[in-house]
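Secondary and tertiary structure notes
Listed here are the chains, written in short residue letters.
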Amino acid sequence: MLEATRCLHCKNPRCVGGCPVNIQIPEFISHIVTGDIDAAAAVIAKDSSLPAVCGRVCPQETQCEGQCILGIKGEPVAIGKLERFVADYQHARPVGERGSAVAIKAVPNGHKVAVIGSGPAGLACAADLAKWGYDVTIFEALHKAGGVLAYGIPEFRLPKDKVLQKEIDEVTGLGVKIETDVIIGRTTDIDDLMENEGFEAVFIGTGAGLPRFMGIPGENLSGVFSANEFLTRNNLMKAYRDDYLTPIHAGKKCCVVGGGNVAMDAARTALRLGADTTIVYRRSEAELPARKEEVHHAKEEGIDFRMLTNPVEILSDENGWVRAMKCIRMELGEPDASGRRSPVPVDGSEFEIECDTVIMALGTSPNPLIAQTTPGLERTRRGGLVADEAGATTRKGIFAGGDAVTGAATVILAMGAGRKAAEAIDAYLKGE
Ligand code: FAD
Ligand code: SF4
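Residues numbered from 1 in each chain as written. Chains lettered and ligands numbered in written order. Predicted model: local features only at pLDDT ≥ 70, side-chain atom pairs only at ≥ 80, totals over all residues. Heavy atoms only, no water.

The local shell around ligand 1 holds 33 residues, among which Val57, Ala121, Glu140, Ile184 and Asp403 are the closest. Contact distances for ligand 1 include 2.7 Å between a nitrogen atom and a backbone N or O atom of Val57. A distance of 2.9 Å separates an oxygen atom of ligand 1 from a polar backbone atom of Ala121. In isolation ligand 1 offers 1000 Å² of accessible surface; the protein chains occlude 93% of this area. Taken together, the elements giving at least two residues each to the shell around ligand 1 come down to α7 (120–131), α12 (261–272) and α16 (411–429). By residue class, the composition of the shell around ligand 1 is 19 nonpolar, 10 polar and four charged. (Near = heavy atom within 4 Å. Polar contact = N/O pair within 3.5 Å; in protein donor to acceptor, adjacent residues only side chain to side chain. Areas by Shrake-Rupley, 256 points an atom, 1.4 Å probe, with all protein chains shown as cover. Helix = DSSP H or I, 4+ residues; strand = E, 2+ residues; numbered from the N terminus. Nonpolar A, V, L, I, M, F, W, Y, C, P; charged D, E, K, R; others polar.)

Contact geometry for α12 and helix α13 (residues 292–300): axes closest at 10 Å, N-to-C directions at 25 degrees. In this view, α12 runs roughly parallel relative to α13, as classed from their interaxial angle. Crossing geometry of α12 relative to α13 is assigned as left-handed. Judged by residue contacts, Asn261, Met264, Asp265 and Arg268 of α12 engage Glu294, Val295, His297 and Ala298 from α13. Taken together, the residues that form the contact of α12 with α13 break down as three nonpolar, two polar and three charged. (Axes fitted to C-alpha atoms, helices over the stretch in contact; angles between N-to-C directions. Parallel < 35°, antiparallel > 145°, perpendicular 65-115°, else oblique. Left-handed = near helix turned anticlockwise from the far one by under 90°. Contact = heavy atoms within 4.5 Å.)

Let us look at the nonpolar core. Judged by nonpolar contacts, the single largest core of 67 residues is most densely connected at Ile25, Phe28 and Ile425. Not counting chain neighbours up to four residues away, the residues in contact with Ile425 comprise Val113, Cys125, Leu129, Ala201, Phe203 and Phe399. Counting 25 residues, the second largest nonpolar core, distinct from the first, contains Ala263, Ala267, Val295 and Ile303. (Core = buried A, V, L, I, M, F, W, Y, C linked by side-chain atoms within 4.5 Å. Buried < 20%, exposed > 50% of the residue type's maximum accessible area, 1.4 Å probe, protein only.)

A few words on the pairing of strand β12 (residues 341–345). Bridge analysis of strand β11 (residues 322–335) against β12 gives four bridges, and the strand direction is antiparallel. Residue pairing for β12: Glu331 is matched across the bridge by Val344. In textbook terms, the turn of a hairpin is the stretch between consecutive antiparallel strands, and for β11 and β12 this stretch comprises five residues, one of which, Gly339, has a positive phi near 90 degrees. (Pairing = 2+ DSSP bridges.)

On to the site of ligand 2. In the region of ligand 2, the neighbouring residues are Cys19, Pro20, Ile23, Ile25, Cys54, Cys58, Gln60, Gln63, Cys64, Glu83 and Ile412. Residue composition of the shell around ligand 2, by class: eight nonpolar, two polar and one charged.

This brings us to the environment of Thr188. Topologically, Thr188 is positioned in the loop between β3 (177–179) and α10 (190–196). What makes Thr188 buried here is its relative accessible area of 18%. Along the chain, Thr188 and Ala114 lie 74 residues apart, while their C-alpha atoms are 12 Å from each other. A distance of 2.8 Å separates the side chain of Thr188 from the side chain of Asp192, its partner in a polar contact.

Attention now goes to the sheet that holds strand β16 (residues 398–400). Across the sheet, five strands lie side by side as β3-β2-β1-β4-β16; this open sheet has parallel pairing. Each edge of the sheet is formed by a strand with only one pairing partner; in this case those strands are β3 and β16. If you compare each strand with its neighbour and ignore which way they point, the axes differ by 20 degrees on average. Of the strand pairs in this sheet, strand β1 (residues 112–116) and strand β4 (residues 201–204) are connected by four bridges, and their pairing is parallel. Each bridged residue has a counterpart across the sheet, and for Val115 the counterpart in β4 is Phe203.

Note that all results are geometric; they support no functional claim without further evidence.
So, in structure tokens, the structure goes:
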């Protein structure tokens, strides 16, 4: 509440423009100041169905807080942490005691909509449609709902039962059904849902879960993982818990290749599993794409950073397991298309890093399965589904948003896309 008093209530609050879903930030903060947390939660709920998640994982420093006027000379208002406080406070109380912040179940309007994927895009789209009376079913390939929030982001950053599940429960509380273990494109397909199951519109929020590899020798050795597999085994198969029978080999010395948030999550997870962990990144620290906060935590926990270093081969022991990674030193050359100086190998500078596990965290692409099994759905050159601003794809009645369209991005952008598509689906089914 003390932090909330720092808000200046600017006439033109730039923080609202900095938030991709335009949460009315000064308004919810003013309710915290007066102690009316129900009212604060009700303001946030108008624009976000995952406040406890976003308060924890949004890159606030480049979004809402990055625009806060107080940040010019000092610390911006801790908007993310205030949002997290409001959401956690609400989740800690029984629904009956949460006053105006509880969404009321809508009167059914008789129209059925299918949502594919239960990540932030799918959950946000489903929540809005349910609030307007649609009969919504989410189909999820994995056995747990939540998308990357469940399988990718580790427990220590986003607690699953205490935080994520509670926000998913809010969505099912609106009447949304979630069917897990259903792979659209394998178990059934979109045409079957529309022609035989009575769904009049479909939203595709299948994310970008297809890992990339470097294409260097040795990537097929035992002990090499994609970050996605490594994190999924930990999060969904609970490899970090001694009482589960699905452990993982984190090794004694682990190298994580990459410099984004996914690399930081994989490295901090490997460290917690007992591995002496090194992050290997081909550019310098200034170009690390991960959030500063994540880099800070990783360093504080004892993770070693090897900058301007690129793997060229993964070396095997006599049993086909990783024994070391051969790397080459890099230097920064001219800026590339992204504006960042591109790394150039230094001839003859190869050296080995001893390790028994390698985790590749090089980015991901959208999975092609849905496009391959749905005639008429076009994809871009980079593998994303072709969709307009509102989420309409190249096939009538089929909408898409989130990482499945843009490629790997952020939770809040995926949520925003899901909400935009919900509006477009509503207009489409009303014949507008
Ligand atoms: P996803 O969250 O990927 O969800 C898609 C869902 O669709 C998945 O559950 C998948 O199983 C399901 N699915 C796929 N294909 C099918 C099919 N054929 N049939 C049925 N279901 C299917 N963003 C941030 O803002 N902050 C962070 O700190 C952050 N950290 C991250 C850490 C990691 C390790 C990763 C991998 C990503 C991180 N991101 C972060 C990015 C963010 O999580 C994603 O941008 C966001 O989750 C995308 O949401 P989505 O709903 O589009 O897709
Ligand atoms: Fe900031 Fe994210 Fe909350 Fe928007 S949703 S106010 S960007 S923390």
